[in-house]
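Examining the three-dimensional arrangement
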Amino acid sequence: MKVAVLPGDGIGGEVTREAVRVLEALDLPRVTLFEGDVGGIAYKRHGHPLPEETLVMAREADAVLFGAVGDPDCDDLDRALRPEQAILGLRRELGLFANLRPARVFEGLEHLSPLKPEIARGIDLLIVRELTGDVYFGEKGTRTTDRGEPEGWDMMSYSAPEVQRIARLAFTAAAGRRLTSVDKANVLETSQVWRDTVIAASADYPVAALDHMYVDNAAMQLIADPSRFDVILTGNLFGDILSDLASAAVGSIGLLPSASLGERTTPHGTFGLYEPIHGSAPDIAGQGRANPMATILSAAMMLRHSFGREDDAARIETAVARALSDGVLGGDLGGEHGTQAIGEAVRERL
Ligand code: NAD
Ligand code: IPM
Ligand code: MN
């Protein structure tokens, strides 16, 4: 099992360290960890946010465990050199078109949600976010209007094959549960192709319960009635926004893991990149206050999807749920526990 660990910037190093320690505590056979630079730190050391050697390391691994990238010092660089290009470049270069973001309120932990307990109870949804298309990867630029004013533009598009492959994956992941496809087909042509293609793909999944929702309504329903959702299928931009929203409904962005998958397989599963959905959190970086649970849960997803180790994945998830119900809470959840203390508490409960 070859794992490329890419901690990145800000709290990325703090949270990946705890996740690696959890993997080590499981005493897995034949794990080799490699560490590489990405993001602002890679730019500062190598002149590029995604150095060639890091990309090679990721390609040669069976899975990538990723922290976060983003550094306010780098926000004025040319876009191609900004830290965020590291994660966008990895997703594109590794063909990771499917991003799974589960959001679940563990039983008895409704009090962690800012929603009323009766609304928070039963949140158990999976956001399937398309990850290599949409306005993220379209042409973009700046130009000057006729009146001499600066104007920015970004091209949004989805082709039918791009939608079809993520829709198929989402129908399979839904496995009979309700699939809600989220778009903005009342305004965007991109979304009309999205919706038509999802409907066409549904013909191959006869028992699938499928509905369609506009993204503005979906944002509202995620707060008003989140347990109505099982699997949400959506594009890159809407998925980015709705997943942060879903994390807040669960209690904190420090709890939500993700898996980014493509077509490449490993001996025991699918090659993937695993990362928390949050960023580098510059406001708390270096203070030992970040919640590492999202990254620890991402490591669990890695064991499940890339290494076929469902039992170990479940052990980690149960340990995290137990720590939470024992009151091991980071500052993001109103508690006092620091990054290391949370990591230790999870390891004790494995
Ligand atoms: P963010 O997710 O980094 O932080 C948002 C808020 O949530 C902050 O108040 C932060 O302190 C808090 N937070 C995030 N993770 C936490 C954790 N594990 N424990 C406790 N609190 C946590 O989003 P942002 O502030 O909008 O972005 C900061 C930087 O991160 C930017 O440069 C952005 O581009 C980048 N970013 C990177 C990724 C990624 O690497 N995949 C994801 C999102 C944002
Ligand atoms: C995420 C992040 C990234 C995204 C950024 C850092 C490029 O917000 O992983 O959710 O927008 O996909
Ligand atoms: Mn995001």
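To keep things clear, this report deals only with the structure shown in the data block. (Residues numbered from 1 in each chain as written. Chains lettered and ligands numbered in written order. Predicted model: local features only at pLDDT ≥ 70, side-chain atom pairs only at ≥ 80, totals over all residues. Heavy atoms only, no water.)

Membership of the largest hydrophobic core comes to 79 residues, with the highest contact counts inside it found for Leu125, Leu233 and Leu324. Per-element accounting of this core gives the leading share, 8 residues, to helix H10 (residues 293–305). Counting contributing residues, this core receives three or more from each of domain 1 (1–100 + 256–350) and domain 2 (110–251). Not counting residues within four places of it along the chain, the set of residues in contact with Leu233 comprises Val128, Ile166, Ala167, Ala170, Leu179, Thr180, Ser181, Val182, Trp194 and Val198. (Core = buried A, V, L, I, M, F, W, Y, C linked by side-chain atoms within 4.5 Å. Buried < 20%, exposed > 50% of the residue type's maximum accessible area, 1.4 Å probe, protein only. Helix = DSSP H or I, 4+ residues; strand = E, 2+ residues; numbered from the N terminus. Domains from an automatic or database assignment. Contact = heavy atoms within 4.5 Å.)

This brings us to the site of ligand 1. Not every one of the 21 residues close to ligand 1 is listed here, only the nearest: Glu84, Gly279, Ala281, Asp283 and Asn291. The separation between a nitrogen atom of ligand 1 and a polar side-chain atom of Glu275 is 3.0 Å. Relative to its free-state accessible area of 810 Å², ligand 1 is covered by the protein chains to the extent of 68%. Of the residues assigned to the shell around ligand 1, the class counts are 10 nonpolar, 6 polar and 5 charged. (Near = heavy atom within 4 Å. Polar contact = N/O pair within 3.5 Å; in protein donor to acceptor, adjacent residues only side chain to side chain. Areas by Shrake-Rupley, 256 points an atom, 1.4 Å probe, with all protein chains shown as cover. Nonpolar A, V, L, I, M, F, W, Y, C, P; charged D, E, K, R; others polar.)

Further remarks concern the packing of helix H8 (residues 215–224) against helix H9 (residues 236–250). Following both chains from N to C, one finds H8 and H9 inclined at 10°, their axes separated by 9 Å at the closest point. One way to sum up the angle between H8 and H9 is to call them roughly parallel. Read as a crossing pair, H8 and H9 show a hand that is right-handed. For the pair H8 and H9, the contacting residues are Val215, Ala218, Ala219, Leu222 and Ile223 in the first and Phe238, Leu242, Leu245 and Ala249 in the second. For the contact of H8 with H9, the residue count by class is 9 nonpolar, no polar and no charged. (Axes fitted to C-alpha atoms, helices over the stretch in contact; angles between N-to-C directions. Parallel < 35°, antiparallel > 145°, perpendicular 65-115°, else oblique. Left-handed = near helix turned anticlockwise from the far one by under 90°.)

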